[in-house]
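So you can see what is in the structure, the chains are spelled out below.
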Amino acid sequence: MKMDTLRLTGPQAASAKYDVLTALSAIGLHRGGGAQASVLRLILLITARYNWRADELCVPQRDMARMWGVTERTVKREVKAWLDGRLVICKRQGVRGRAGAYRLDMVEIWQQASDLWPLIGPDYAERMTPQPVATNVITADFAQTRDETRPEPGSWRAVSRRLKLIDAAMHAAWIAPLRLTVNDAERVELTAPTRFAAHYIETHLRRVLDEAVEAEMGPGRRIVVRAEGA
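The rules behind each value
Residues numbered from 1 in each chain as written. Predicted model: local features only at pLDDT ≥ 70, side-chain atom pairs only at ≥ 80, totals over all residues. Heavy atoms only, no water. Helix = DSSP H or I, 4+ residues; strand = E, 2+ residues; numbered from the N terminus. Expected span 1.5 Å × (residues − 1). Buried < 20%, exposed > 50% of the residue type's maximum accessible area, 1.4 Å probe, protein only. Phe/Tyr/Trp six-rings, centres within 6.5 Å; stacked < 30°, edge-to-face > 60°. Axes fitted to C-alpha atoms, helices over the stretch in contact; angles between N-to-C directions. Parallel < 35°, antiparallel > 145°, perpendicular 65-115°, else oblique. Left-handed = near helix turned anticlockwise from the far one by under 90°. Contact = heavy atoms within 4.5 Å. Pairing = 2+ DSSP bridges.

Across its twelve residues, helix H11 (residues 206-217) extends 16 Å between first and last C-alpha, which sits within 8% of the 16 Å expected from 1.5 Å per residue. Across the twelve residues that make up H11, a large majority, nine, are buried. Within the span of H11, buried status applies to Val 208, Leu 209, Glu 211, Ala 212, Val 213, Glu 214, Ala 215, Glu 216 and Met 217. Positive phi shows up at Gly 218, right after H11, with a value of about 105°.

Put into structure tokens, the structure is as follows:
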């Protein structure tokens, strides 16, 4: 599987979107129970209202309730279930009547569905299996950390694990050497071993780093990358 920083835009995006919906459907069906209805509701929102270019779902709760034929209390419960199940990531909290914004957690969706790929079919499994690519393309390799213990939520180790899942070579070269020096409600500060490393991360890896921090630590934090001694 090859994805541009796990974003579904550009060439072959249409088929990749079907693959996402297939993965979600398999997850819901194999979990059974209330998960089936929950994932079906998410799929309806994705097909009807997901903004792929902005990579976000921003739908008022009253609109979700109308689409599903349920109450807004049920909507709140479902959104919480998606967040707890790591199917979506909160980009912006809904406040003062404004709808919250969420994006699909592509890393987690692919990882949770990876054991189901062969059950869907050999062509799907082959398509989803990471293939060797040029070093400047970020790929997701879920096999290498599938058996690792998940780090504590909200920790830098959780961010680091996510980035390793996306690209192990990138992680080893640029992310593993970073040290977390500040982590509070407003800011995450990382220290790189050299000025060159700090500059490279800022210019080449900033988006994927921002998204990993948002996914594991929550939205709204300013990320600063400094060189050792700077």
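Turning our eyes to something else, we now look at the packing of aromatic side chains. Each pair of aromatic rings is reported with the distance of its centres and the angle of its planes. Counted by the stated rule, this structure contains five aromatic pairs. Both rings, one in Trp 68 and one in Trp 82, keep their centres 5.7 Å apart while their planes meet at 75°; by these two values the pair is edge-to-face. Taken together, the residues span a long stretch of sequence, with Trp 68 in helix H3 (residues 61-68) and Trp 82 in helix H4 (residues 72-84) at a distance of 14 residues. Trp 82 shares its class with Trp 68; the two are buried.

With that settled, the discussion passes to the packing of helix H2 (residues 34-49) against H3. Interhelical geometry of H2 versus H3 gives an angle of 110° and a closest axis separation of 11 Å. The orientation of H2 with respect to H3, classified from their angle, is roughly perpendicular. Seen along the crossing, H2 lies across H3 with a hand that is right-handed. Contacts between H2 and H3 involve Arg 41, Leu 44, Leu 45, Ala 48 and Arg 49 from the former and Asp 63, Met 64, Met 67 and Trp 68 from the latter.

Right, let's talk about the environment of Tyr 124 for a bit. Along the polypeptide, Tyr 124 turns up in helix H7 (residues 122-128). Placed 101 residues apart in sequence, Tyr 124 and Ala 23 show a C-alpha to C-alpha distance of 9.9 Å. Leaving out residues up to four positions away in the same chain, Tyr 124 has contacts with Asp 19, Thr 22, Ala 23 and Trp 117.

Within the secondary structure, Ala 101 is located in strand E2 (residues 101-104). For Ala 101 and Pro 60, which are 41 residues apart along the polypeptide, the C-alpha to C-alpha distance reads 9.3 Å. Setting aside anything within four residues of it in sequence, one finds Ala 101 in contact with Glu 56, Leu 57, Cys 58, Ile 89, Cys 90, Lys 91 and Arg 92.

Let's shift gears to unusual backbone geometry. Although it is not a glycine, Asp 55 adopts a positive phi angle of roughly 55°. Among the secondary structure elements, Asp 55 is positioned in the loop between H2 and H3. Positive phi outside glycine occurs at Arg 86, with the angle close to 60°. Inspection of the secondary structure puts Arg 86 in the loop between H4 and strand E1 (88-92). Arg 86 gets classed as buried once you look at its relative accessible area, which sits at 17%.

Our next topic: the sheet that holds strand E3 (residues 179-183). Within the open sheet, the three strands sit side by side as E3-E4-E5. Their pairing is mixed. What marks the edges here is a single partner per strand, and that holds for E3 and strand E5 (222-227). Within the sheet, the average angular offset between the axes of one strand and its neighbour, ignoring direction, is 20°. Here six bridges tie strand E4 (residues 187-192) to E5, and the two strands are oriented parallel to one another. By the bridge assignment for E5, Val 188 is matched with Ile 223. The strands touched by helix H10 (residues 195-204) within the sheet are E4 and E5, with E5 carrying the most contacts at an inclination of about 150°. Those strands touched by H11 are E3, E4 and E5, and its axis lies near 125° from that of E5.

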